[in-house]
Amino acid sequence: MGGDAEARAVTLSIVMPAYNEERTIVRAVEEVLRTAYPCEFELIVVDDGSTDGTGELLAGLRNDRLVVHRHPSNRGKGAALRTAVSLARGSHVVPFDADLEYAAEDIPRMLDPVLKGRCTVVYGVRLFGFNTVYQSLRYAAGNRFLTRLTNVLFDACISDLHTCLKLIPRPMLAELDLTEERFGLDTEVTALLLRNGVRPFEVPVSYYSRSHAQGKKIKTRDALVCAWVLLKVRLRRPQAPAPFPHEPVPELGGPARPAPLRVVKLAGGADGTSGTRADQGS
C-alpha cells in the first residue's frame, strides 16, 4: 500500500514566461518561492528575449528550486510556456504570470482538490466584483464574451476562459496538439481540454489587473485571435487520438508523501544559456 501511495504523489511545476518585466520579475519569483505548498515544487522561468533588465535580474537569483531559461529572441508567450513545460518535471503544471496580476498564495488552494483525489484539472477563476481589480471594462467584458462563446461552442460551463492559473497534469498537457505561439495558446489549451471532455474544477482566486501604462501587453486584436482559435478547435475534423493518460492522484484522506525533487545542472543550449533543473527523484 505504501508503494502505491508513493506512485500517486503530486509534485508541482510552476511555469513563468517573462518578457520585459524588470519592474516585477524579482518580486514575482520571490513570491512564488516563499509560498508554502503542500507538495514538492519547482519554478521554471523562461525569459522570452527580454530587451530590458529582466535577464540580468534573473541571472542574479539563486535557489535550488529555480530554473531559468532564455530565448535569444522574443517568440511569444505561448512559445515561452511551451518551452517551460518541456523543462518541467512535476506531475502537474500551472502557469504564473511575472506581472503580479495573480497571487502565488492562491496556488496551494488549487492543489487541495487534486491532493484529495477529487479532480485532476483545476482552474483558478476570477469572480468579477470579488477580490479583483480591473483597469478597464473593455477587457472584463471581452473575457466574459469569449467565455460565453466557449461555453456555447463546447457545451461547457466554465467561469473564466482567460485565467492564467490552470493546474493541469503534465502528461495530459503533453497530449494536447498545441500550435499557438502567442496569447492564443491560453485559449487553445482550454478549447482542446473541453473538446476532449475535460471539465475543470474551479477555485476562486484574487486578481490585480494592470494597465498598458504599467506594462500590460495584451491588445484588442488578441481577442479576435482567441475567437478564431475557439472556432478552429471546435470545427477541426474529428480524429481518434489516444486517450489522455490517466494521471493518478492521492486517495481520499490526505496527500501521499511526494517523491523529492533533485536539482541537476542543465547543459548549455543552442543559445549559449544554462541553468538548473529539478528532477523527480526515484
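Residues numbered from 1 in each chain as written. Predicted model: local features only at pLDDT ≥ 70, side-chain atom pairs only at ≥ 80, totals over all residues. Heavy atoms only, no water.

Draft legend 1. Local environment of the pattern of salt bridges. Per the stated rule, a full pass over the model turns up 10 salt bridges. Asp-186 is the salt-bridge partner of Lys-166, the closest N and O atoms lying 2.6 Å from each other. In this pair, Lys-166 is assigned in strand β7 (residues 166-169) and Asp-186 in helix α8 (residues 184-195), connecting sequence segments 20 residues apart. (Salt bridge = Lys/Arg side-chain N within 4 Å of Asp/Glu carboxyl O. Helix = DSSP H or I, 4+ residues; strand = E, 2+ residues; numbered from the N terminus.)

Draft legend 2. How the structure looks around the environment of Val-229. In this fold, Val-229 is placed in helix α9 (residues 220-235). For the pair Val-229 and Thr-187, spaced 42 residues apart in the sequence, the C-alpha separation amounts to 6.9 Å. Beyond its immediate sequence surroundings of up to four residues, Val-229 is in contact with Glu-180, Gly-184, Thr-187 and Glu-188. (Contact = heavy atoms within 4.5 Å.)

Draft legend 3. Representation of unusual backbone geometry. At Leu-100, a residue that is not glycine, the phi angle is positive and equals roughly 65 degrees. Here Leu-100 is to be found in the loop between β4 (92-95) and α5 (107-115). One non-glycine residue with positive phi stands out, namely Asp-155, at about 50 degrees. Within the secondary structure layout, Asp-155 lies in the loop between α6 (137-154) and β7. Look at Asp-155 and you get exposed, because its relative accessible area is 67%. (Buried < 20%, exposed > 50% of the residue type's maximum accessible area, 1.4 Å probe, protein only.)

Draft legend 4. Inspection of the environment of Leu-192 at higher detail. Relative to the assigned elements, Leu-192 resides in helix α8. Spatially, the C-alpha atom of Leu-192 lies 9.7 Å from that of Phe-154, the residues being 38 residues apart in sequence. When residues no more than four places from it in sequence are discounted, the contact partners of Leu-192 are Leu-176, Asp-177, Leu-178, Val-233 and Arg-236.

Draft legend 5. Expanded view of the sheet that holds β4. Taken in spatial order, the seven strands line up as β3-β2-β1-β4-β7-β5-β8 in an open sheet, and their pairing is mixed. Lying at the two open borders of the sheet, with one neighbouring strand each, are β3 (66-71) and β8 (201-205). The average undirected angle you get between the axes of adjacent strands in this sheet is 20 degrees. Where strand β2 (residues 40-48) lies against β3, six bridges are found, and the strand directions are parallel. Within the sheet, the bridge partner assigned to Leu-43 lies in β3 and is Leu-66. Contacts from α8 reach β5 (122-126) and β7, with the element oriented near 55 degrees to β7. (Pairing = 2+ DSSP bridges. Axes fitted to C-alpha atoms, helices over the stretch in contact; angles between N-to-C directions.)

Draft legend 6. Main features of the environment of Tyr-207. Note on placement: Tyr-207 falls in strand β9 (residues 207-208). According to the relative accessible area criterion, Tyr-207 is buried, its value standing at 3%. Here Glu-101 takes part through its side chain, which lies 3.3 Å from a polar atom of the side chain of Tyr-207. (Polar contact = N/O pair within 3.5 Å; in protein donor to acceptor, adjacent residues only side chain to side chain.)

Draft legend 7. Structural view of the packing of aromatic side chains. Here the structure, examined in full by the defined rule, presents two aromatic pairs. Ring geometry for Tyr-37 and Phe-41: centres 4.6 Å apart, planes at 50 degrees, overall tilted. In this pair, the class of Tyr-37 matches that of Phe-41, namely buried. With a centroid separation of 5.2 Å and 55 degrees between ring planes, the pair formed by Tyr-102 and Tyr-207 is classed as tilted. Note that Tyr-102 is positioned in the loop between β4 and α5 and Tyr-207 in strand β9, a separation of 105 residues in sequence. Here Tyr-102 matches Tyr-207 in class, with each residue buried. Sitting over the face of the ring of Tyr-207, Arg-126 holds its NZ or CZ atom 4.6 Å from the ring centroid. Its guanidinium or amino end placed over the ring of Tyr-123, Lys-166 lies 5.2 Å from that ring's centre, counting from NZ or CZ. (Phe/Tyr/Trp six-rings, centres within 6.5 Å; stacked < 30°, edge-to-face > 60°. Lys NZ or Arg CZ within 6 Å of the ring centre and 35° of its normal.)

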